[in-house]
Amino acid sequence: MAAQVPGQPPVSEPKGRADAWTEERGTSDEGRQRLEAPRSRANEEELTSVEAHLAEILRTVRPLAPTALSLSDAHGLVLAEDVTASVPLPSFDNSAMDGYAVRVQDVAAASERTPVTLPVVAEVAAGDTGAYALPPGASIRIMTGAMLPHGTEAVVPVEWTDGGTSRVTVYGRAGVGHALRLTGDDAKAGEVLVGAGTRLKPMHIAVIAATGRSTVRVRPRPRVVVLSTGNELAEPGTPIVPGRIWDSNSFMIAAAAREAGCLAYRQSIVPDHPDEVLPAIEDQLVRADLMITTGGVSMGGEHDVVKAALRQLGTVTFRKVAMQPGMPQGFGTVALPPSAAPDGKTGRARRSLIGRMAERGEIAERAIGSAGGDQVPIFTLPGNPVSAYVSFQIFARPAIGALQAYGGLGLEATRAELTGPLRSPAGRRSFLRGVLDRGRGRIAPLTGQGSHQVATLGKANALIIVPEWVVQMAEGETADVLVLP
Ligand code: AMP
Ligand code: MG
């Protein structure tokens, strides 16, 4: 059974958790070491729970205004209206097969042994809008999708006939309605076919096109600007000396944002200088629905320039979140400064920047309108690559969903049996890198769980969640797992 261990108490009790990944699924505590020490006040003040931080993010982020886009541009975006059938689908009775339109009585006696021969009085192809009538005792050759001649009761598939053109011999009987597609058998006129809030997949695009719509109202693809900060950073492709590293975060986060359905712009590296950070952020605001920085937010004082620069705005909060990796988190909003107002000098310069960006298609009309006004949500993620990655998946992905009024961007949760033991710090929720074998329902914790260990991150396909009140888990236990996209 669970052993009581000294140390940091849990930040939140299991019952208080908003997420569903542990409670209802009957997690066994056997083999886990739990914390049962009383809560410490100092700790509660210091650490914010993952849920509380995420809740504040979701309270802040507002959905982007819907826009009408052509169907070809709407794939992957979130629908902002209900799409209804303007006409029944199908909109006219038609043939489901290539064959012969008949009255059932005329083929009632047809079989292999007693074939029936009928005259073929016409031929109707798909797209033929002419009005045909089927005389009794005759047949009309008909193609798939062609409108049914008046009086048709069934279509005899061509495979049951000799395929004749002026006369046809039929070797099988077809009952009423055979191989017919009747008006409205797929959808009634006025029926909601794709609901607001749906992320449009190819089949939804097909449905909308089939109702005759060429444009559809969707939330625009969120534009995410990614900045990495750090004097140690160099562009991949350039030489480095000891003491420097290549910037991996900004490429990773931009790719993760694209994977989450965004347009992502990566900006070049921002040095750790207090005067550089705010201008670099402000310069990008015109084309951002969301900004993400990495680095410069830890606890290290004057080198944490992102924290220092944004704190003075008063709209960005920096806190320690009870998680590992990813404890130092900053989130809030930024706006173009008053100096960038349209009548100011900077404003003119900035507006010409906006104009250039608009010409290159990097910003939309709405950005031009928003200069000086709109608040852009900003995440300041920690610099260690694993911390930045996990923070993006846990906090920024849902925020990207919120920009589109879409709740489905959280990572897929599952459970799997651990193939090895693991440890986790007291009072913090761990997101450990693992290799999930979905077929077998097992997950192997990776060796090398340091937040700097980007190479190990590259081997993972899932995160193992170890709750705040658990400090170790044994091989064979079942763990909550988030599947990485
Ligand atoms: P910081 O959060 O700025 O204190 O950085 C924490 C750690 O992450 C340091 O070891 C940094 O060198 C590293 N780091 C910061 N930014 C990046 C980046 N863009 N790519 C790779 N590593 C980074
Ligand atoms: Mg740094």
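Residues numbered from 1 in each chain as written. Chains lettered and ligands numbered in written order. Predicted model: local features only at pLDDT ≥ 70, side-chain atom pairs only at ≥ 80, totals over all residues. Heavy atoms only, no water.

Draft legend 1. How the structure looks around the overall build of the chain. Helix and strand counts for the chain come out as twelve helices and 30 strands. By residue count, 48% of the 485 residues in the chain fall in the buried class. If you take every contact in the chain between residues at least 6 apart in sequence, the share linking residues at least 24 apart comes to 75%. Carbon and sulfur atoms provide 52% of the accessible area of the chain, an area that totals close to 22,200 Å². (Helix = DSSP H or I, 4+ residues; strand = E, 2+ residues; numbered from the N terminus. Buried < 20%, exposed > 50% of the residue type's maximum accessible area, 1.4 Å probe, protein only. Contact = heavy atoms within 4.5 Å. Areas by Shrake-Rupley, 256 points an atom, 1.4 Å probe, with all protein chains shown as cover.)

Draft legend 2. Up close: the sheet that holds strand E14 (residues 215-219). The sheet built from three strands is open, its strands ordered E3-E14-E4 with antiparallel pairing. Edge positions in the sheet fall to strand E3 (67-70) and strand E4 (78-79), since each has one partner strand and no second. Sheet analysis places E3 next to E14, joined by four bridges and oriented antiparallel. Bridge pairing in E14 links Leu-69 to Val-216. (Pairing = 2+ DSSP bridges.)

Draft legend 3. The site of ligand 1, seen in detail. Close to ligand 1 lie 15 residues, the nearest being Glu-232, Asp-247, Gly-296, Ser-298 and Gly-383. A distance of 2.8 Å separates an oxygen atom of ligand 1 from a polar atom in the backbone of Gly-296. (Near = heavy atom within 4 Å. Polar contact = N/O pair within 3.5 Å; in protein donor to acceptor, adjacent residues only side chain to side chain.)

Draft legend 4. Just the pattern of salt bridges, in detail. Throughout the structure, instances matching the rule amount to twelve salt bridges. For Arg-213, the salt bridge goes to Glu-81, with nearest N and O atoms at 2.5 Å. With Arg-213 in the loop between helix H5 (202-210) and E14 and Glu-81 in the loop between E4 and strand E5 (83-84), this pair connects stretches of sequence that are 132 residues apart. Looking at Glu-81, the relative accessible area reads 18%, which means it is buried. Measuring nitrogen to oxygen at the nearest pair gives 3.2 Å for the salt bridge that ties Arg-440 to Asp-437. (Salt bridge = Lys/Arg side-chain N within 4 Å of Asp/Glu carboxyl O.)

Draft legend 5. Here's a closer look at the packing of helix H6 (residues 249-259) against helix H11 (residues 385-403). Look at H6 against H11: their axes get within 10 Å of each other, and the N-to-C directions meet at 20 degrees. By the criterion of interaxial angle, the relationship of H6 to H11 is roughly parallel. Taken as a pair, H6 and H11 cross one another with a handedness that is right-handed. For the pair formed by H6 and H11, the contact residues are Asn-249, Met-252, Ile-253, Ala-256 and Ala-257 on the first element and Pro-385, Ala-388, Tyr-389, Phe-392 and Gln-393 on the second. (Axes fitted to C-alpha atoms, helices over the stretch in contact; angles between N-to-C directions. Parallel < 35°, antiparallel > 145°, perpendicular 65-115°, else oblique. Left-handed = near helix turned anticlockwise from the far one by under 90°.)

Draft legend 6. Up close: the environment of Ala-122. Summarising the element assignment, Ala-122 is placed in strand E8 (residues 116-124). Sequence spacing of Ala-122 and Ala-133 is eleven residues, and the spatial spacing of their C-alpha atoms is 9.3 Å.

Draft legend 7. The arrangement of the nonpolar core in detail. Core analysis: the biggest nonpolar cluster contains 43 residues, and Ile-253, Ile-292, Phe-379, Val-390, Phe-392, Phe-395 and Phe-431 have the highest contact counts within it. For this core, the elements supplying multiple residues, two or more each, are helix H2 (50-60), strand E15 (223-228), H6, strand E19 (290-294), strand E23 (376-381), H11 and strand E28 (462-466). Residue contacts for Ile-292: discarding those within four places in its chain leaves Val-224, Val-225, Val-226, Leu-227, Ile-253, Phe-379, Leu-381, Phe-392 and Ala-396. Val-225, Tyr-265, Leu-285 and Ala-309 belong to the second-largest nonpolar core, a separate cluster that totals 22 residues. (Core = buried A, V, L, I, M, F, W, Y, C linked by side-chain atoms within 4.5 Å.)

Draft legend 8. Structural view of the packing of aromatic side chains. Enumeration over the complete set of coordinates arrives at one aromatic pair. Between Phe-331 and Phe-379, the aromatic rings sit 4.9 Å apart at their centres with planes inclined by 50 degrees, giving tilted as the arrangement. Linking Phe-331 in strand E22 (residues 328-334) with Phe-379 in strand E23, this pair joins segments that are 48 residues apart in sequence. The class of Phe-379 is buried, set by a relative accessible area of 0%. One Lys or Arg, Arg-199, reaches over the ring of Tyr-406 and ends 4.4 Å from the middle of that ring. Sitting over the ring of Tyr-265, Arg-287 keeps its end group 4.3 Å from the ring centre. (Phe/Tyr/Trp six-rings, centres within 6.5 Å; stacked < 30°, edge-to-face > 60°. Lys NZ or Arg CZ within 6 Å of the ring centre and 35° of its normal.)

Draft legend 9. How the structure looks around a negative patch on the surface. Residues Asp-93, Asp-185, Asp-186 and Glu-191 make up a contiguous surface patch of negative charge. Inspection of the secondary structure puts Asp-185 in the loop between strand E12 (180-181) and strand E13 (192-194). (Patch = residues over 30% accessible without salt bridge, like charges linked within 9 Å, V, L, I, M, F, W, Y side chains within 5 Å. Lys, Arg positive; Asp, Glu negative; His and termini not counted. Charge placed at Lys NZ, Arg CZ, Asp CG, Glu CD.)

Draft legend 10. Layout of unusual backbone geometry. Of note, the amide linkage connecting Leu-89 to Pro-90 takes the cis form, showing an omega dihedral of -10 degrees. Topologically, Pro-90 is positioned in the loop between E5 and strand E6 (94-95). The step from Gln-324 to Pro-325 runs through a cis peptide bond, and the omega angle for that step is 0 degrees. Relative to the helices and strands, Pro-325 resides in the loop between strand E21 (323-324) and E22. You will see that Ala-179, though not glycine, has its phi angle at about 60 degrees, which is positive. Inspection of the secondary structure puts Ala-179 in the loop between strand E11 (167-170) and E12. You can call Ala-179 buried: its relative accessible area is 15%. Its identity is not glycine, yet Ala-405 carries a phi of approximately 55 degrees, on the positive side. Mapped onto the elements, Ala-405 comes out in the loop between H11 and strand E24 (412-418).

Draft legend 11. Region of the structure containing the side chain of Asp-304. If you trace the backbone, Asp-304 turns up in the loop between E19 and helix H8 (305-311). It is Lys-307 that comes nearest to the buried, bridge-free Asp-304 among opposite-charge side chains, at 5.4 Å. A polar contact is formed between the side chain of Asp-304 and the side chain of Ser-298, at a distance of 3.3 Å.

Structural measurements only, silent on function.
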